[in-house]
Amino acid sequence: MLIKPNAVVAIHYTLTDNEGAVLDSSTGKQPLTYLHGSGNIIPGLERALDGKKAGDKLAASIEPQDGYGEIIEEMIQVVPRTTFPEDAVIEIGTRFSAQTERGPLTVVVTNMDDGQITVDGNHPLAGETLNFDVCVETVRAATDEELQHGHVHGAGGHHH
Ligand code: ZN
């Protein structure tokens, strides 16, 4: 069957940035399995896969607005070290969950300077052009339960 909304799709992929550095890959792992048309994956990749079938290979270059979005400056904040518990280990690269007006958000420490800590709540791939090399492994119809839940169950998917 062709990939269309409500298809369960398994893909192998390699994701590189514009400099050719590999950012992510399913090579040597289970294929990525997702429910097509449900926003389980970034919009640009979902669009590139639409209408493809098992065995198809494709390359898609996805701009930030169809990927993880542009970098939002307001999501980068400088806060005093005293905001954090004294015994908290804080280093560049430390991730933690921050409470925001829009709910919990994972932020990463990107700079530390003189008692001031810079935290960034953007997605790590925000602002990046994403170059995907994809091979479609399998395509099947979703079960009723999967459609109700909006995600895939079983191997390679979410299980509960
Ligand atoms: Zn479920």
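Above this text sits the structure in question.
Cut-off values and rules
- Residues numbered from 1 in each chain as written.
- Predicted model: local features only at pLDDT ≥ 70, side-chain atom pairs only at ≥ 80, totals over all residues.
- Heavy atoms only, no water.
- Helix = DSSP H or I, 4+ residues; strand = E, 2+ residues; numbered from the N terminus.
- Buried < 20%, exposed > 50% of the residue type's maximum accessible area, 1.4 Å probe, protein only.
- Contact = heavy atoms within 4.5 Å.
- Polar contact = N/O pair within 3.5 Å; in protein donor to acceptor, adjacent residues only side chain to side chain.
- Pairing = 2+ DSSP bridges.

K.L.:
Let's hear about the environment of Ser-25: which residues, and what values?
P.N.:
Among the structural elements, Ser-25 can be located in strand E2 (residues 22-25). The buried category is assigned to Ser-25, whose relative accessible area is 15%. Once you skip the residues sitting within four places of it in the chain, Ser-25 turns out to touch Tyr-13 and Thr-14. In terms of polar contacts, Ser-25 uses its side chain to reach the backbone carbonyl oxygen of Tyr-13, at 3.3 Å.

K.L.:
Describe the pairing of strand E7 (residues 103-113), naming the residues involved and giving the relevant values.
P.N.:
Along a regular strand, successive side chains alternate from one face of the sheet to the other. Here strand E6 (residues 95-100) pairs with E7 via 6 bridges, running antiparallel. Within E7, the residue paired with Thr-100 across the bridge is Gly-103. Hairpin connection between E6 and E7: a loop of 2 residues separates the two successive antiparallel strands. The pairing of E7 with strand E8 (residues 116-120) spans 5 bridges and is antiparallel. By the bridge assignment, Asp-113 is partnered in E8 with Gln-116. Joining the antiparallel neighbours E7 and E8 is a turn of 2 residues, in which Asp-114 adopts a positive phi near 50 degrees.

None of the figures reported here should be taken as evidence of function without further support.
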